[in-house]
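# Working through the structure, step by step
The residues making up each chain are set out below.
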Amino acid sequence: MILGGVVYHDPARRMGVEVVRAMAGGRSDAAEPAWVGCGPFGVFVTGSGQAPVEHPAVVLAADADLLNLTELQGLTGREDLAGVIARLYEREGAEAVRRLRGGFALALWDRGSRQLLLAVDQFGIRRLHYAVTPEGFAFASRASALLALPGTRREAEPTSLYHYLNLGFVPAPRSIFPGIFRLPPGHQLIVRDGRPQPSRYWDLTYTERPLSVDESAAATARLAQASVALALEGASPKATGAFLSGGTDSSTVLGLMRKLTGERVNAFSIGFQEERYNELDHAELAARHFDAAHYVHVVTPAEALAALPSLVEAYDEPFGNDSAIGTLLCARLARSCGVTRLLAGDGGDEIFGGNQRYATDHLFARYQRIPGVLRRGLVEPVLLSLREVGLVGKAQRYIRRANIPNPRRFYFYELFFAQDGQALLDPEFVRALEPDAPWALIEEHFRRAPATAELNRLLYLDMKLAIGDNDLLKVTRTGEVAGVDVRFPFLDLPLVEFTATWPARFKVRGVEKRYLFKRAFRPLLPPATLAKRKHGFGVPTSAWLKTHAGFAALAQDSLRGPDCRVRPYFRAGAIEQLFALHAQDPTPFYGGILWGLLMLELWHRRHLSPGVTA
């Protein structure tokens, strides 16, 4: 669905149906948008969302899936979602947003004070974009919806585009379009007299406490079970299922679903013919352990290629996460089986300490514990003077990286175009952007993290970027395309906030990831699941760009053909150089870069060039 609206500068202006249709146009689910006009304020909703509602004191439109709706209904005496939120606002004002758990984006017009309140959930499950135009303040859940208004420009803002080239997504508070911004997770925005005033109403604060392992493990298991129970509310077991990659998070969600329902649970897994990317054995192990009804599909390159137009259409800003292919096809598999709600394990890595990068960084941090006099006076002068071969070379590389302060050390192998790849960019393009913007973004999140332990600062960084800007958009948008709602039990507030009180050593201890998590869920999970290395929904796109005729032809024709839209961003011959490097490299590194460029090119053709389809 799309949620949007306008507050006009001129109090005599009214939002008419032509404005609504323009903002909601171009989508099949937006033919008959529901809308309400209230003086200079107007709001609309398209698709399956609830229509805007008028109350005596407020006008409200919300795209919300609240986990604690039952609790709030009891508190307010209202049954309907809009009535619940309106009653909370009447009692508590903007502070009412703090009571909401789950995914939400809402717009509330206060008739008395003639001010607009916008708010999004704490983690980024739902989104809102906004812009100040010559006619007034406008907002929408899709950035592209705002392009229908005078004063906005259908073009790519250079620094936002540079962020995409490095990260594979556009981070908040930016959008890809100049003058259009996104309200970051955990933020609200009040508009008075046409002036937007965004503020943070919630943030994840790491207040480590002296907790015991056993008590913390028991509390974690209870909170996780309660989160899954809330995520199951309101849907029949037959219409509910779980994404199942075979990893610890998805397997835990599946196991808790079985424990709570006492029934066979639907589980959905995607595999690939390429062995490196196929984890169906692990998924089947978990499915058998929990006696799940396990639905499996092995994706062919041709199926993945056929899915690309749907992905390009769905993401109105460039999005380069290739695992969206697997997620989309998994959600479609679920929908074909009659399932309309899926539970996902996203967020588990970031709250439990499950990413291999955390353990790797812990090893580098150990080097800094060696007394500086010994490191700089003996170890480094001797070791760095030797020839860089074999184990000596490995030790030299370890020292060099260990001496890089975080968060740059954490992103050592990322941000290609902000490091070595910047030489491939066109000088005029570079002059038009902020060349240090990706590093500044990462360092700002790291610096602002309400944490003392360095590991928790890295977890915070991933909550903002990997979760809030990337993974949740991937899953929710592909679910929307497939016709499936997705809930994220590991992003329920009580569970997330409790894990933030753990000592950092409960998350990563030495080279062991998920230390406390394993204690909490050892009685639930198969030993092989606890022991496996993380993989997730990886996709062999790099290999397909080399070996599959359809993918290779699409990439070559799109990026090396005469109509290539992204070529002006690069020096002459740079794209050809990337293709050559990809052909020679046995790793997927350059394939990932080319995939990002291909998705950017297809986005250009669909969303910046009207009439040209992907």
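Residues numbered from 1 in each chain as written. Predicted model: local features only at pLDDT ≥ 70, side-chain atom pairs only at ≥ 80, totals over all residues. Heavy atoms only, no water.

The next point concerns the overall build of the protein. Check the secondary structure of the protein and you find 23 helices and 19 strands. Whereas a compact globule of 614 residues would reach a radius of gyration of roughly 25 Å, the protein reaches 25 Å, a difference of no more than 12%. Along the longest, intermediate and shortest principal axes, the C-alpha atoms of the protein span 75 × 60 × 50 Å. Burial status across the protein gives 59% buried among its 614 residues. Summarising the internal contacts of the protein: among those between residues at least 6 apart in sequence, 71% fall at separations of at least 24. Total accessible area computed for the protein in this model is approximately 24400 Å², and 52% of it derives from carbon and sulfur atoms. (Helix = DSSP H or I, 4+ residues; strand = E, 2+ residues; numbered from the N terminus. Rg over C-alpha atoms; globule rule 2.2 N^0.38 Å. Buried < 20%, exposed > 50% of the residue type's maximum accessible area, 1.4 Å probe, protein only. Contact = heavy atoms within 4.5 Å. Areas by Shrake-Rupley, 256 points an atom, 1.4 Å probe, with all protein chains shown as cover.)

Glancing now at the pairing of strand E11 (residues 187–192). Among the six residues in E11, five count as buried, and that is most of the element. Pairing of strand E7 (residues 115–120) with E11 involves four bridges; the strand directions are antiparallel. What sits directly across from Leu 117, in E11, is Ile 190. As paired strands, E11 and strand E12 (residues 195–200) are joined by six bridges and run antiparallel to one another. Residue Gln 188 lies in a different strand from E12, and its bridge partner there is Ser 199. In sequence, E11 turns back onto E12 through a hairpin of two residues, with Asp 193 there showing a positive phi of about 55°. (Pairing = 2+ DSSP bridges.)

This next bit is on the sheet that holds E12. Across the sheet, which stays open at both edges, the six strands sit in the order E4-E5-E6-E7-E11-E12 with antiparallel pairing between neighbours. The open sheet terminates on both sides in strands that have one partner only, identified here as strand E4 (53–54) and E12. Where E4 meets strand E5 (residues 58–66), two bridges bridge the pair, whose relative direction is antiparallel. Across the sheet, residue Val 53 finds its bridge partner in E5, namely Leu 60.

Once that is clear, we can look at the packing of helix H2 (residues 69–76) against helix H3 (residues 81–92). Direction vectors running N to C along H2 and H3 enclose 55°, while the axes themselves pass 10 Å from each other. In terms of their interaxial angle, H2 and H3 are classed as oblique. Viewed along their axes, H2 and H3 form a crossing whose handedness is left-handed. The residues of H3 that touch H2, namely those facing Leu 69, Leu 72, Gln 73, Leu 75 and Thr 76, are Leu 81, Val 84, Arg 87, Leu 88 and Arg 91. Considered class by class, the residues forming the contact of H2 with H3 number six nonpolar, two polar and two charged. (Axes fitted to C-alpha atoms, helices over the stretch in contact; angles between N-to-C directions. Parallel < 35°, antiparallel > 145°, perpendicular 65-115°, else oblique. Left-handed = near helix turned anticlockwise from the far one by under 90°. Nonpolar A, V, L, I, M, F, W, Y, C, P; charged D, E, K, R; others polar.)

Under the counting rule described, the total for this entry stands at 27 aromatic pairs. With centroids separated by 4.5 Å and ring planes inclined at 20°, the aromatic side chains of Tyr 315 and Phe 319 adopt a geometry described as stacked. Through a chain of ring-to-ring contacts, the aromatic side chains of Phe 352, Phe 490, Phe 498, Trp 502, Phe 517 and Phe 521 assemble into a single cluster. Above the face of the Phe 446 ring, Arg 457 is positioned so that its terminal group lies 5.8 Å from the ring centre. The residue whose ring lies beneath Arg 560 is Phe 579, and the NZ or CZ to ring-centre distance is 5.3 Å. (Phe/Tyr/Trp six-rings, centres within 6.5 Å; stacked < 30°, edge-to-face > 60°. Lys NZ or Arg CZ within 6 Å of the ring centre and 35° of its normal.)

The subject of this paragraph is the sheet that holds strand E1 (residues 3–8). Within the open sheet, the six strands sit side by side as E2-E3-E1-E9-E8-E10. Their pairing is antiparallel. Of all strands in the sheet, those bounded by a partner on one side alone are strand E2 (34–38) and strand E10 (181–182). For E1 and strand E9 (residues 136–140), the ladder comprises five bridges, and the chain directions are antiparallel. Note that in E9 the partner of Gly 5 across the bridge is Phe 139.

Mapped onto the secondary structure, Lys 507 falls in the loop between helix H17 (493–499) and strand E18 (508–509). Owing to a relative accessible area of 1%, Lys 507 belongs among the buried residues under this scheme. Sequence separation between Lys 507 and Ala 96 is 411 residues, and the spatial gap between their C-alpha atoms is 33 Å.

As a further point, take the pairing of E2. Relative to strand E3 (residues 41–45), E2 runs antiparallel, the two sharing five bridges. From the neighbouring strand, Gly 37 faces E3, where its bridge partner is Gly 42. Counting the residues between successive antiparallel strands, the hairpin from E2 to E3 contains two residues, one of them, Gly 39, with a positive phi of roughly 65°.

On to the confidence of the model for the protein. Per-chain confidence: the protein averages 93 in pLDDT, with 98% of residues scoring 70 or above. Contacts for the low-pLDDT stretch residues 26–30, under 50 throughout, to residues beyond four places or in other chains number 10 contacts. (pLDDT = per-residue confidence, 0-100.)

So, about the pattern of salt bridges. As a working rule, side chains carrying opposite charge can pair if their charged atoms are close by. In the structure shown here, the tally under the stated rule is 37 salt bridges. Notably, a salt bridge pairs Asp 63 with Arg 126, separated by 3.1 Å at the nearest N-O pair. Of this pair, Asp 63 sits in strand E5 while Arg 126 sits in the loop between E7 and strand E8 (129–132), and the two are 63 residues apart along the sequence. Across the pair, exposure class does not vary: Asp 63 and Arg 126 are buried alike. Here the residues in one salt-bridge network are Glu 157, Arg 174 and Glu 434, joined through shared partners. (Salt bridge = Lys/Arg side-chain N within 4 Å of Asp/Glu carboxyl O.)

With that settled, consider the packing of helix H11 (residues 356–367) against helix H13 (residues 390–402). Running from N to C, H11 and H13 point in directions that differ by 90°, and their axes come no closer than 9 Å. As judged from the angle between their axes, H11 and H13 are roughly perpendicular. Across the interface between the two elements, Leu 363, Phe 364 and Tyr 367 of H11 pack against Tyr 398, Ile 399, Arg 401 and Ala 402 of H13.

Ranked by size, the top nonpolar core spans 182 residues in total, and within it Leu 106, Leu 165, Phe 417, Leu 559, Phe 570 and Leu 578 carry the most contacts. Looking at this core element by element, the count peaks at 12 residues for helix H16 (residues 454–482). Those residues in contact with Phe 570 that sit more than four places away from it in its chain are Leu 165, Phe 417, Leu 424, Leu 425, Asp 426, Ile 575 and Leu 597. Listed in part, the 23 residues of the second largest apolar core include Met 1, Val 45, Leu 118 and Leu 183. (Core = buried A, V, L, I, M, F, W, Y, C linked by side-chain atoms within 4.5 Å.)

This brings us to the environment of Arg 341. You can see Arg 341 is positioned in strand E16 (residues 341–343). Along the primary structure Arg 341 and Gly 5 are separated by 336 residues, whereas in three dimensions their C-alpha atoms are 28 Å apart. In contact with Arg 341, not counting residues within four places along its chain, are Ala 231, Leu 232, Glu 233, Gly 234, Ala 235, Ala 239, Thr 240, Gly 241, Val 484, Asp 485 and Arg 487. At 3.0 Å, the side chain of Arg 341 forms a polar contact with the backbone oxygen of Ala 231. (Polar contact = N/O pair within 3.5 Å; in protein donor to acceptor, adjacent residues only side chain to side chain.)

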